[in-house]
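Working through the structure, step by step
Okay, here's what each chain looks like letter by letter:
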Amino acid sequence: MNDTEHLPPRYTAENHEREIYKLWEEWGVFAPQASRTGKTFSIALPPPNVTGTLHIGHAFEHSLQDALVRYHRLRGDRTLWAPGTDHAAIATTARYEKDLYKKEKKTRHDFSREEFFERVQAFALENQSQILGQMKRLGDSVDWSRLAFTLDEERERAVRTAFKRMYDDGLIYRGNRVVNWDPKGQTTLSDDEIVYEEVSTTFYIFRYAKEFPIPIATTRPETKLGDVAVAVHPDDARYKEYVGQTHKVRFVGLPLEIKIIADQAVDPEFGTGAVGVTPAHSMIDWEMAERHHLSLKAVINESAKIENVSPEFNGRKIIEARELIVAKLRAEGLIEKETSILHSLAKSERTGGVIEPLPKLQWFVDVDKPFHLANSKLQGLKSGSEATLQEIMQTVVQSGEIEIVPEHFRKIYAHWVDNLRDWCVSRQILYGHRIPVWYRGDELYVGVEVPDGEGWEQDPDTLDTWFSSALWTFSTLGWPATAEDIKTFHPTSVINPGYEILTLWVSRMIMMSGYLLGEIPFRTVLIHGVVRAKDGRKFSKSLDNGIDPLEVIDEYGTDALRMSLIVGVAPGSDVKFDLEKVKAYKHFANKVWNIARFVLMSSDGGQLAVNSSRQKNAIRPKTEADRVILAALNQAVDQITQDMETFQLHLAAERIYHFIWHEFADVYLEASKAQLDDESTRNSTAQILYAVLATSLKLLHPFMPFITETIWQRLPAHQRDSDLLAIASWPEIYEPR
């Protein structure tokens with residue numbers, strides 16, 4: 001049989017990838033298969049936001065997870081990769097509103113709540129459709145029958161059930177606390193929705209009045225209008241005599257009553273070692289005020305303007321008020337020093353608004369309140385005992401029940417959890433899960449279903465997006481229904497997030513799974529880094545250095561892109577994306593293709609190598625070259641298996657690359673040419689060529705699934721242990737006789 005009937009002279013990815021993916025779908029190979037090992041392996045895909053399309057960072061993340069999934073499927077584990085997308089309420093709303101104004105010159109205020117919600121939802125689902133198409137181009141072997149969306153009906157029931165249970169246990173409450181407020185977006189924000197910009201600002205050292213005994217330091221003189229105290233460190237000898245005193249002063253002409261307190265939170269080395277305490281406009285100061293029973297005075301409103309002060313200040317923007325205060329302090333000779341410093345300015349990631357800490361009536365999750373643990377499977381937290389949400393988050397990682405890879409991220413996680421504040425879960429936007437609370441006069445109802453009767457009004461706020469995504473590992477498996485899938489696939493085996501959401505998403509999944517199911521959500525947290533430009537800078541629109549993964553795929557093929565993102569990138573490390581690296585792996589793909597062509601051609605299309613892949617023990621090396629390649633193959637199988645089991649995917653991919661190119665192609669293929677010409681070694685050489693090729697395809701498949709499956713489909717039936725490589729058996733050590 002002529003080799004060209006099996007493989008054309010060159011491999012062209014675009015001619016094969018869509019057909020191969022369609023073949024996998026038709027065979028249903030992505031659904032969990034019967035286990036050959038008695039084990040399961042499951043991943044819940046970190047759901048991409050439906051704000052737009054996938055970027056190169058998603059391509060990296062999906063390539064890693066798909067490699068793990070394909071490996072475990074070949075191992076014979078019952079494997080599930082559950083797909084889904086995140087409604088990303090604030091981000092999606094901001095993106096839609098920007099497009100809405102650009103196209104129609106309209107805002108959310110031009111629509112009813114229901115109309116606006118439906119418009120944003122349609123926009124989100126349209127983006128989701130594009131994302132799903134991109135996932136297929138990337139080769140994601142997800143079980144499409146389980147597609148989930150954080151704002152679909154099933155997730156809505158899960159969210160409402162979780163909220164009600166937490167409310168009934170006293171873990172969710174409504175109260176006044178200082179929160180991150182976005183004056184531009186007119187909503188509260190979680191910490192993860194904030195970015196910090198280094199700006200140059202003036203650092204002022206001044207006194208409230210000439211008679212005030214302590215100079216204080218600040219970058220925000222306007223907030224001093226709301227000061228109720230000055231805090232110093234308890235061990236600071238400079239100020240000990242003043243602690244406990246209360247001073248009535250006139251600050252820029254306005255009356256203030258300032259109590260001097262001692263608190264461990266003060267850094268005696270910073271500034272003067274004394275800070276003005278503004279409980280209404282600083283989370284740290286709010287906590288200090290609670291410890292010292294201080295009053296609260298709000299002087300900044302939701303529009304970032306001064307209020308509750310005097311006609312001279314009320315209604316002024318922040319900057320205007322600052323300039324006026326500084327001018328008055330200078331005139332009174334109260335400023336002792338002014339220096340220029342770099343300051344981290346908190347801004348909304350989506351709107352660009354400067355964050356103002358404000359006291360607001362909001363819904364919170366209490367992380368420190370004990371609750372009764374029922375049916376706990378958590379190590380160190382027995383059923384029947386009491387625990388807090390914070391203790392759950394600490395214990396399961398400290399005990400090693402959840403492994404974080406790389407290990408040094410455990411310190412970051414532990415620091416976050418140890419300093420956890422109550423979680424503000426309410427948002428003042430229209431798109432998202434509406435809080436399942438209804439009011440009628442003095443009555444309050446919390447429930448999964450709408451209350452019976454007339455006159456009920458639902459809370460207008462929506463829930464933080466992280467609340468719904470915190471349920472992801474089990475809401476995608478059918479919870480709150482008692483589902484067989486939860487028994488089979490939960491806890492999931494691994495989660496693979498970027499390090500930037502370790503604390504903000506991973507910690508909350510641990511919290512919710514521990515509370516609602518009494519078990520961990522996953523056994524391993526495999527952290528990955530950020531994909532950066534070749535020069536190390538982040539990809540951004542402002543730098544115009546973005547990379548569209550589909551454009552790269554169109555040019556070089558999916559397999560080349562995947563290998564370029566995995567090889568050389570250890571867990572937790574950032575990736576410097578370089579098209580030259582992608583080109584190199586396109587060249588490698590062609591090398592693999594040519595190896596397969598040679599093997600087919602040199603054995604008359606496989607007729608000389610009958611049963612070589614099915615009967616491994618029938619392979620009998622006759623030459624030193626035979627023995628060397630089979631020993632190298634055994635070593636590759638052993639090492640790559642170990643690498644995959646320990647999440648060292650970068651090493652596994654590099655090993656199979658090295659084996660195929662240098663040991664198989666450069667050495668054995670060259671030696672085989674003479675052996676194929678020798679009648680005494682011809683058949684055995686053909687058998688070994690096929691055995692090494694078939695095994696190499698299996699080892700390479702998790703990383704380069706398209707070309708390996710394409711070649712597999714052209715191997716003679718008697719050379720394959722499965723009609724599809726995607727569900728073949730992971731190679732074992734050859735034991736030639």
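For the structure given in this document, a descriptive report is provided here. Since we're looking at a predicted model, the values are computed, not measured. (Residues numbered from 1 in each chain as written. Predicted model: local features only at pLDDT ≥ 70, side-chain atom pairs only at ≥ 80, totals over all residues. Heavy atoms only, no water.)

On to the side chain of glutamine 128. Along the chain, glutamine 128 turns up in helix H4 (residues 113-137). One polar contact links glutamine 128 to threonine 85, side chain to side chain, over a distance of 2.6 Å. Among residues more than four places away in sequence, those in contact with glutamine 128 are Val50, Thr85, Ala148 and Phe149. (Helix = DSSP H or I, 4+ residues; strand = E, 2+ residues; numbered from the N terminus. Polar contact = N/O pair within 3.5 Å; in protein donor to acceptor, adjacent residues only side chain to side chain. Contact = heavy atoms within 4.5 Å.)

Attention shifts here to helix H3 (residues 89-104). Relative to the 22 Å expected for 16 residues at 1.5 Å per residue, H3 spans 21 Å between its end C-alpha atoms, a close match to the ideal helical length. What H3 keeps buried is the set Ala89, Ile90, Ala91, Thr92, Thr93, Tyr96, Glu97 and Leu100. Where H3 is buried, its residues meet H4, strand E6 (187-189), strand E19 (426-427) and helix H10 (465-469). (Expected span 1.5 Å × (residues − 1). Buried < 20%, exposed > 50% of the residue type's maximum accessible area, 1.4 Å probe, protein only.)

Attention now goes to H4. Over its 25 residues, H4 extends 36 Å from the first C-alpha to the last, a length consistent with the 36 Å expected when each residue adds 1.5 Å. Phi for glycine 139, located one or two positions after H4, is positive at around 90°.

Bringing unusual backbone geometry into the picture now. Cis geometry marks the peptide bond from valine 405 to proline 406, where omega comes out at 0°. Inspection of the secondary structure assignment puts proline 406 in the loop between strand E17 (403-405) and helix H9 (409-418). The omega angle of the peptide bond from histidine 490 to proline 491 is 0°, so this bond is cis rather than trans. Examined against the element boundaries, proline 491 turns out to sit in the loop between helix H12 (484-489) and strand E24 (492-495). Even without being glycine, histidine 293 reaches a positive phi, approximately 55°. Along the chain, histidine 293 falls in the loop between helix H6 (283-292) and helix H7 (318-331). Of the residues examined, histidine 293 reaches a relative accessible area of 73% and is grouped as exposed. The phi dihedral of asparagine 375 falls on the positive side, at around 55°, and the residue is not glycine. When you line up the elements, asparagine 375 lands in the loop between strand E15 (371-372) and strand E16 (386-387). Given a relative accessible area of 63%, asparagine 375 falls into the exposed group.

Our next topic: the sheet that holds strand E22 (residues 457-458). Pairing is antiparallel in the open sheet, where 3 strands are placed in the order E21-E20-E22. Here the strands that pair on one side only, and so sit at the sheet edges, are strand E21 (443-446) and E22. Where strand E20 (residues 437-440) lies against E21, 4 bridges are found, and the strand directions are antiparallel. By the bridge assignment, arginine 440 is partnered in E21 with glutamate 443. Packing of helix H5 (residues 153-168) onto the sheet brings it into contact with E20, E21 and E22, and relative to E21 it is tilted by some 125°. (Pairing = 2+ DSSP bridges. Axes fitted to C-alpha atoms, helices over the stretch in contact; angles between N-to-C directions.)

Here the focus is the sheet that holds strand E9 (residues 229-232). The mixed open sheet is built from 4 strands, whose spatial order is E10-E11-E9-E12. Of all the strands in the sheet, the pair left with one neighbour each is strand E10 (246-251) and strand E12 (274-277). Along the sheet, successive strands turn relative to each other by an average axial angle of 30°, direction set aside.

Here we take up the environment of glutamate 97. Position of glutamate 97 relative to the elements: it lies in helix H3. Once the C-alpha coordinates of glutamate 97 and arginine 108 are considered, the two residues, 11 residues apart in sequence, prove to be 7.1 Å apart. Look past the residues within four positions of glutamate 97 in its chain and what remains in contact with it is Arg108 and Phe116. Side chain to side chain, glutamate 97 and arginine 108 meet in a polar contact 3.0 Å long.

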